[in-house]
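Coordinates in review
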Amino acid sequence: MLTAYFDGRNGMVPFGSADDYSCAFKLALPDESARRSYLQGILKGCRPSFGQRVFGALMTAGFIDIVTTTNFDDLIEQAAAESYTAVNDVSDPRRLYVAALNSVDRARRILSAESHPLLVKLHGDFRESSLKNLTEELVVQDQVLRQSVQDVSRSVGLAVVGYSGRDESVMEMLESSTLLDSAWPAGLWWFTREPGRLPERVRRLLEIAAERGVASYLVALETFDELMASLVLQAELTDDARTYINGLQSASRVADASPPVASKRSYPIIRYNALPVLAAPTSVLHASLSGIDNEEFRRRSKEAGWRGVAVQAGGSVWGWGDPSSWRASSAPPRERRHRPAQR
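Heads up: these notes are all about the structure in this document. Everything numeric here is computed off the predicted structure, so don't read it as measured data.

With that out of the way, let us pick up the side chain of T69. Position of T69 among the secondary structure elements: in strand β1 (residues 66-69). Non-local contacts of T69, meaning those with residues more than four positions away in its chain, are made with L119, V120, K121, L122 and H123.

In structure tokens, the structure reads:
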């Protein structure tokens, strides 16, 4: 109902359009300072998710050198900072460097191992004076940040997670980087929850990569947390790093429960989640309910102790259960053997 109310009204584009996010921001908060204040308010106090904290630990441990994001929150920075003491090699500590719109010079050192791990924030940081939220602001990507991605594309692979592929400037940057000789030597991996609804621009990028000889993959992924949980199992971590990451997992919601003690009568008496079905009826019971209404049938069934399932329609009753007690609940039943449908 909300979508129907806003779609195409008061300057709002239809939901799902490439620029719906930008359009909503412009209509609600056209002033950049107001947008920045709004984002600072909703991002204040936000904490990294399990997947982000594992991601930060993998960066600190040396498994991820370069990260490029269109997000302007600081959750990756928080995650990396939390893992710094627990995961870092004391003899060779790795501190996260951040290059955003107000610190683009750091991106020039993207190929330098001394600047790794490096986080490149293409749309800026919510704490900076510059942000890119609107379509007109996103048309031309900052040239230094753009060049840093192109420079590094000849040395690493690219894994895209949690990104829609709807920013013209970002997709053009990835396409131009893919067209370079020897681009993405470790392959291009695009993770998505709905492969069937992949934007055409993303499909074209994967096709360009394949035509250029780049190993490209489209991978169905439910959540980022699941991806990180799977990847971290394959990483060869130090004991301290493994202990830290294992501690990030939430406590199991499933716990063993002992059967109730017969001498005690405190509730609950039965503590099992389910009971096994050992056998099921193979015959369908049918009887006429002529002169017997619903209430009478229920009363007779209760008096007879019949335990089963029944449904009434058109003056008849059909059921599953014990035929002997069924007879006391209705007119004499007529058993019909249930046969599988012929195919």
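Further remarks concern the sheet that holds strand β3 (residues 118-121). Pairing within the open sheet is parallel, and its three strands lie in the order β1-β3-β2. Only two strands of the sheet have a single partner each, and these edge strands are β1 and β2 (97-99). Averaged over all pairs of adjacent strands, the angle between their axes in this sheet comes to 20°, without regard to strand direction. Both β1 and β3 contribute to a ladder of four bridges, which runs parallel. Among the inter-strand pairings, I66 is bridged to a residue of β3, identified as L118.

Residues L145, M171, L174, W184, L188 and W190 are the most contacted members of the largest nonpolar core, which totals 28 residues. Elements represented by at least two residues in this core include exactly β3, α7 (143-152), β4 (158-160), α8 (168-178), β5 (188-192) and α9 (200-211).

Tracing the sequence through the fold places H116 in the loop between β2 and β3. Among the residues examined, H116 registers a relative accessible area of 14% and is labelled buried. Here I110 takes part through its backbone oxygen, which lies 2.7 Å from a polar atom of the side chain of H116. A polar atom in the side chain of H116 sits 3.3 Å from the backbone oxygen of S112. Beyond its immediate stretch of four places on either side in the chain, H116 contacts D65, I66, R94, R95, Y97, I110 and L111.

Mapped onto the elements, I76 comes out in helix α5 (residues 75-87). Taking the relative accessible area as the measure of exposure, I76 reaches 16% and is therefore buried. On a C-alpha basis, the gap between I76 and M59 in space is 9.7 Å, while along the polypeptide they are 17 residues apart. Leave out the neighbours within four places in its chain, and I76 touches F55, M59, V67, L96 and L119.

Moving on, we get to helix α3 (residues 32-43). For α3, spanning 12 residues, the distance from its first C-alpha to its last is 16 Å, which sits close to the expected 16 Å at 1.5 Å a residue. Inspection of α3 places R35, L39 and L43 among the buried residues, and these make up the whole buried set. Viewed along the axis of α3, the buried residues span an arc of 55°, placing them on a single side of the element. Positive backbone phi, at 85°, marks G45, one or two positions downstream of α3.

With that settled, the discussion passes to the packing of aromatic side chains. To describe a pair of aromatic rings, you give the distance between the ring centres and the angle between the ring planes. Using the criterion set out here, one finds three aromatic pairs in the structure. On the numbers, 6.1 Å between centres and 45° between planes, the contact of Y163 with W190 is tilted. Of this pair, Y163 sits in the loop between β4 and α8 while W190 sits in strand β5, and the two are 27 residues apart along the sequence. Take Y163: its relative accessible area is 15%, and that puts it in the buried class. Stacked on the ring of Y84, the Lys or Arg R95 has its end atom at 4.5 Å from the ring centre.

The rules behind these values
- Residue numbering note: each chain is counted from 1, following its sequence as written.
- The predicted nature of this model means local features are confined to residues of pLDDT at least 70 and side-chain atom pairs, given and counted, to a pLDDT of 80 or more, with totals for whole chains, interfaces and linings taken over all residues.
- Side-chain measures here rest on the full set of heavy atoms in the structure, leaving out hydrogens and waters.
- Where helices and strands are cited, they refer to DSSP runs of H or I of at least four residues and of E of at least two residues respectively, numbered from the N terminus.
- Pairs of residues are marked as contacts when any of their non-hydrogen atoms sit within 4.5 Å.
- Pairing between strands requires that DSSP locate at least two bridges from one strand to the other.
- Throughout, an axis means a line fitted to C-alpha atoms (over the contacting stretch in the case of helices), and angles, computed between N-to-C directions, take values from 0 to 180 degrees.
- Nonpolar core, defined: a set of buried Ala, Val, Leu, Ile, Met, Phe, Trp, Tyr and Cys residues in which side-chain atoms within 4.5 Å join the residues together.
- Buried means the residue's accessible area, taken with a 1.4 Å probe over protein chains only, is under 20% of the maximum for its type, while exposed means over 50%, and partly exposed covers the values in between.
- Polar contact criterion, stated in full: a pair of N or O atoms within 3.5 Å, where within protein one must be able to donate a hydrogen and the other to accept it, and residues adjacent in sequence count only if both atoms are side-chain atoms.
- For a helix, the expected span equals 1.5 Å multiplied by the number of residues minus one.
- The directions from the helix axis to the C-beta atoms form the arc being described.
- For this analysis, a ring pair means two rings from Phe, Tyr or Trp (six-membered ring only for Trp) whose centres lie within 6.5 Å, classed as stacked if their planes differ by under 30 degrees, edge-to-face if by over 60, and tilted for the remaining angles.
- Working rule: Lys NZ or Arg CZ, within 6 Å of ring centre, within 35 degrees of ring normal, means a charge sits over the ring.

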